[in-house]
Amino acid sequence: MIIASRKPIDEIKGFIAGSGRILIVGCRGCVTVCNSGGAKEVEILASLLRLDAMKGGAKLTADECTLERQCDPEYVDGFAPRLAEGYGAVLSMACPIGPQYLAERFPSEKVYPALNACFMGGALAHGVWAERCQACGDCVVHLFAGLCPVSRCAKSLLNGPCGGSAEGKCEVSGETDCVWHLIVERMEAAGTIGELATPRPLKDWRTSRDGGPRKIVREELVR
Amino acid sequence: MPDHPPTEPRSPAPPGPGPFEPRVIAFCCQYCAYSAADMAGSMRLQYPSNVEIVLVPCTGRFDAILALKALEGGADGVYAAGCLEGSCHFLDGNVRARKRVTHLKKELESVGVDPGRVEMYNLSASQGPRFAEIAREFSGRIAELGPGPASRSKPPG
Amino acid sequence: MTGGLKSESRLERALASGRFAVTGELGPPRNARAADVEAKCRALKGSVDAVNVTDNQTAVVRMSSLAASVIALREGLDPVMQMVCRDRNRIAAQSDLLGAAALGVNNIIALSGDHQRFGDHPQSKNVYDLDSVSLIMAIRAMRDQGRLLSGQELPEDGRPRLFIAAFNPFADPEGYRVVRAAKKVEAGADFLQSQCVYDMPRFRRFMERAVDMGLAEKAYFMAGITPLKSLGMAKYMNNNVPGITVPDSLIARLKGVPKDRQPEEGVAIACEQIEEMKSLAGVSGVHLMFVEWEHMIPVVVEKAGLLPRSEA
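Residues numbered from 1 in each chain as written. Chains lettered and ligands numbered in written order. Predicted model: local features only at pLDDT ≥ 70, side-chain atom pairs only at ≥ 80, totals over all residues. Heavy atoms only, no water.

### Concerning the overall build of chain A
A tally of regular secondary structure across chain A gives 7 helices and 9 strands. Dimensions of chain A, computed from C-alpha atoms along their principal axes, come out at roughly 65 × 50 × 25 Å. Looking at chain A residue by residue over its 223 residues, the buried ones come to 44%. Long-range pairs, those at least 24 residues apart, make up 58% of the contacts in chain A with a sequence separation of at least 6. Carbon and sulfur atoms make up 53% of the accessible area of chain A, which amounts to about 11,200 Å² in all. Mean positive and mean negative side-chain charge positions of chain A (26 and 27 charges, respectively) differ by 3 Å. (Helix = DSSP H or I, 4+ residues; strand = E, 2+ residues; numbered from the N terminus. Buried < 20%, exposed > 50% of the residue type's maximum accessible area, 1.4 Å probe, protein only. Contact = heavy atoms within 4.5 Å. Areas by Shrake-Rupley, 256 points an atom, 1.4 Å probe, with all protein chains shown as cover. Lys, Arg positive; Asp, Glu negative; His and termini not counted. Charge placed at Lys NZ, Arg CZ, Asp CG, Glu CD.)

Set out below in structure tokens:
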């Protein structure tokens, strides 16, 4: 899933400055699962912003709503009546795909992103998430004992580890595992380390973002 | 049952002259703090009447949004009171609550609300006097901080 | 290591002759003064067979390795031009290789490159289109098959005749390092220069395995030497640089002399190491990395009995 985190509150306050009525829109997709932009987080952000206004003696109306998904025109369309109320600012708490969909569908609204998308990954434990994919478009994890060097090596090396691997950690951060250390360990244990002896050829990055913005059309699904 | 059910709603301190009497909401775990409040009551221990107790099955039920809604609704301070660490009936509800309170303090600070307006306490069911002490201590702290954000937004008079 | 020479490199000639070879290292300046490079070249001339010209080492912006290599050529040295994968994609890499060969550069060393996080522009984007192994493959394809990565053919007289080097770090996982060295040799490395060595037993273990695997017959190994200038440096290297362990015995030796005499002691240790390297099976030479201490290279080379070096 897409792992996101809320922008600093000061940045969000800057978005809504001067607005007496705002709408905060959550998303029940990835950001609900990673606790950054679901109904609960919408409620908390609304409350914080109201408290912020209150303590200055002002009144802020912060309405809340959460869509099934903000990355789907169907759900965004159904949301139109909510906007009839006239808001000074609409804060999307989806990943940044949400504010793009809202802005495209409702061009007259001022739509702001309340979250930063951080990476594609999964949970390591409750409250801990880590990057696991960079959407290179040509998955090779099976060649590396199920580990992804493209997203998990700071240099995306396919013939690692580089000289910065120390005690299983990456030189870039002592908290980050050297994925190449893990690959070597796992393949040694599996008795497949020999597969690493052959130089891995250059990667074709066309399928990655380097090939330009990507799009998939599934003719059998298109109406 | 305590002779004064702690969940009984009390009316907020009437506005007017005299020292500021803060409105405090205490989320109390049924296994410890709530029983301690009960004991404090039967021991006739003095604690501020402006502390309103909300019974929770465990402070693990406590969440940032409960405190935020309380503050928005006119509370001047909020605390959670759970079992001593290591004694939670649900293993670690009180530890989680403490983490939530710590995080909430940062959130409040970020919108200019004094982080001291929320707190986490731990005590056991047998600590009636400690319950009263916490209530006095926290109430005193909030009295010093003055009215909370919601009271300030009300027009004077 | 059979057949004719692959390049015009003096270093290749020296290694092929079986003579114990010496390479130095030259860090280009953080400015546009050719004179700075020239001064370093003059200090090294006559003391080394070739000199590595670093490529924005530690991710700090410096004069380009290509430009500084050309200055080194002008000064009569045989440069080993470093090329890191951090800053250029396969288009820039191949273009720079063609340009370097056209300007007379004979040796190239392919490296991943230090992550930009450690340099003066931590905000920058990195490239890593290729890694050091695939860059070596690309260079070899240009030289031996006369082909760019696109398949585009190079005319017979338009192929970059480069003597190809790889770097061999000793970072973890220790046991895998020799496998990775083999991979670099398979990819096309003609010689390997190692990270600086202090822990001789560990290096001996590495070389024994390399010799067992037949690597020393396929490529030349040059052992990295960096003198310990002070006790502080020894401790720093030991604690902070992945792959480097400074044995307690060396730390004790430096501790045993007053601070002002530690550089001298460090040089003495380096000379002893070089002596040991000379007789170690599979080691064809030493690579002297005297970071911002280049003027000491001639002193060490002389003391270690490595003179004379190959002529211009």
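### Observations concerning the sheet that holds strand β7 (residues 128-133) of chain A
Residues and elements named next belong to chain A. Judged by pairing direction, the sheet is antiparallel, and its 3 strands sit side by side in the order β1-β6-β7 without closing on themselves. Sheet topology places β1 (2-6) and β7 at the edges, where each strand pairs with a single neighbour. In this sheet, neighbouring strand axes are inclined to one another by 70° on average, regardless of whether the strands run parallel or antiparallel. Across 5 bridges, the pairing between strand β6 (residues 115-125) and β7 is antiparallel. Counterpart to Ala125 in the pairing with β7 is Val128. (Pairing = 2+ DSSP bridges. Axes fitted to C-alpha atoms, helices over the stretch in contact; angles between N-to-C directions.)

### What about the interface of chain C and chain A?
With 28 residues of chain C at the contact, the number on the chain A side is 29 residues. Approximately 2,400 Å² of surface area, both sides summed, lies buried where chain C meets chain A, with 59% of it carried by carbon and sulfur atoms. Of all residues in chain C, the largest losses of buried area upon contact with chain A belong to Asp172, Tyr176 and Lys183 of chain C, amounting jointly to 23% of the total for that side. Taken together, the connections running from chain C to chain A amount to 0 salt bridges. (Buried area = accessible area lost by both parts, 1.4 Å probe. Salt bridge = Lys/Arg side-chain N within 4 Å of Asp/Glu carboxyl O.)

### Comments concerning the packing of aromatic side chains
Counted by the stated rule, this structure contains 16 aromatic pairs over all chains. On the numbers, 4.8 Å between centres and 15° between planes, the contact of Phe15 of chain A with Tyr112 of chain A is stacked. Of this pair, Phe15 of chain A sits in helix α1 (residues 9-16) while Tyr112 of chain A sits in strand β5 (residues 111-113), and the two are 97 residues apart along the sequence. With centroids separated by 6.2 Å and ring planes inclined at 65°, the aromatic side chains of Phe206 of chain C and Phe221 of chain C adopt a geometry described as edge-to-face. (Phe/Tyr/Trp six-rings, centres within 6.5 Å; stacked < 30°, edge-to-face > 60°.)

### Side note on the domain arrangement of chain A
On domain assignment, one finds that chain A holds domain 1 (2-118) and domain 2 (134-200). Each of domain 1 of chain A and domain 2 of chain A has a C-alpha centre, and these two points are 39 Å apart. (Domains from an automatic or database assignment.)

### Quick look at the sheet that holds strand β4 (residues 118-122) of chain B
Residues and elements named next belong to chain B. Here we have 4 strands laid out as an open sheet, ordered β2-β1-β3-β4, and parallel in their pairing. Each edge of the open sheet is held by one strand with a lone partner, namely β2 (51-56) and β4. Taking the axes of each pair of neighbouring strands and ignoring which way they run, one obtains an average angle of 20° across the sheet. Summarising the sheet, strand β1 (residues 24-29) and strand β3 (residues 77-82) pair through 5 bridges and their orientation is parallel. Paired with Phe27 across the strands is Ala80, a residue of β3. Contacts from helix α2 (residues 64-72) reach β1, β3 and β4, with the element oriented near 145° to β3.

### Looking at the interface of chain B and chain A
Taken together, the contacts link 17 residues of chain B with 17 residues of chain A. Taking both sides of the interface into account, the surface hidden between chain B and chain A amounts to around 1,500 Å²; carbon and sulfur atoms contribute 61%. When the area that chain B buries against chain A is broken down by residue, the three leading residues are Glu72, Glu107 and Val111 of chain B, summing to 37%. The interface formed by chain B and chain A includes 4 salt bridges. The salt bridge partner of Lys69 of chain B is Glu43 of chain A, with a shortest N-O separation of 3.9 Å. Inspection of the chain B/chain A interface yields 5 residue pairs in polar contact (both at pLDDT 80 or more). Elements with a contribution of two residues or more to the side of chain B that touches chain A: α2, α3 (93-110) and α5 (149-153) of chain B. Among the elements that take part in the side of chain B that touches chain A, α2 of chain B stands out by supplying 6 residues, more than any other. A breakdown of the residues in the side of chain B that touches chain A according to their chemical character gives 9 nonpolar, 3 polar and 5 charged. (Polar contact = N/O pair within 3.5 Å; in protein donor to acceptor, adjacent residues only side chain to side chain. Nonpolar A, V, L, I, M, F, W, Y, C, P; charged D, E, K, R; others polar.)

### Details of the nonpolar core
Formed by 92 residues in total, the largest nonpolar core has its most connected members in Trp180 of chain A together with Leu135, Phe203, Ile274, Met277, Val286 and Leu288 of chain C. In contact with Leu288 of chain C, other than residues within four places in its own chain, are Val22, Thr23, Gly24, Glu25, Ile225, Ile274, Ile297 and Val301 of chain C. With 49 residues, the next largest nonpolar core counts Ala94 of chain A together with Ala67, Leu68 and Val113 of chain B among its residues. (Core = buried A, V, L, I, M, F, W, Y, C linked by side-chain atoms within 4.5 Å.)

### Let's talk about unusual backbone geometry
Residues Gly160 of chain A and Pro161 of chain A are joined by a peptide bond in cis, for which omega reads -5°. Turning to its location among the elements, Pro161 of chain A is positioned in the loop between α6 (149-152) and β8 (169-170). A cis amide bond, omega -10°, links Asp172 of chain C with the succeeding residue Pro173 of chain C. In this structure, Pro173 of chain C sits in the loop between β5 (163-168) and α6 (177-187). One non-glycine residue, Ala145 of chain A, lies in positive phi territory at about 55°.

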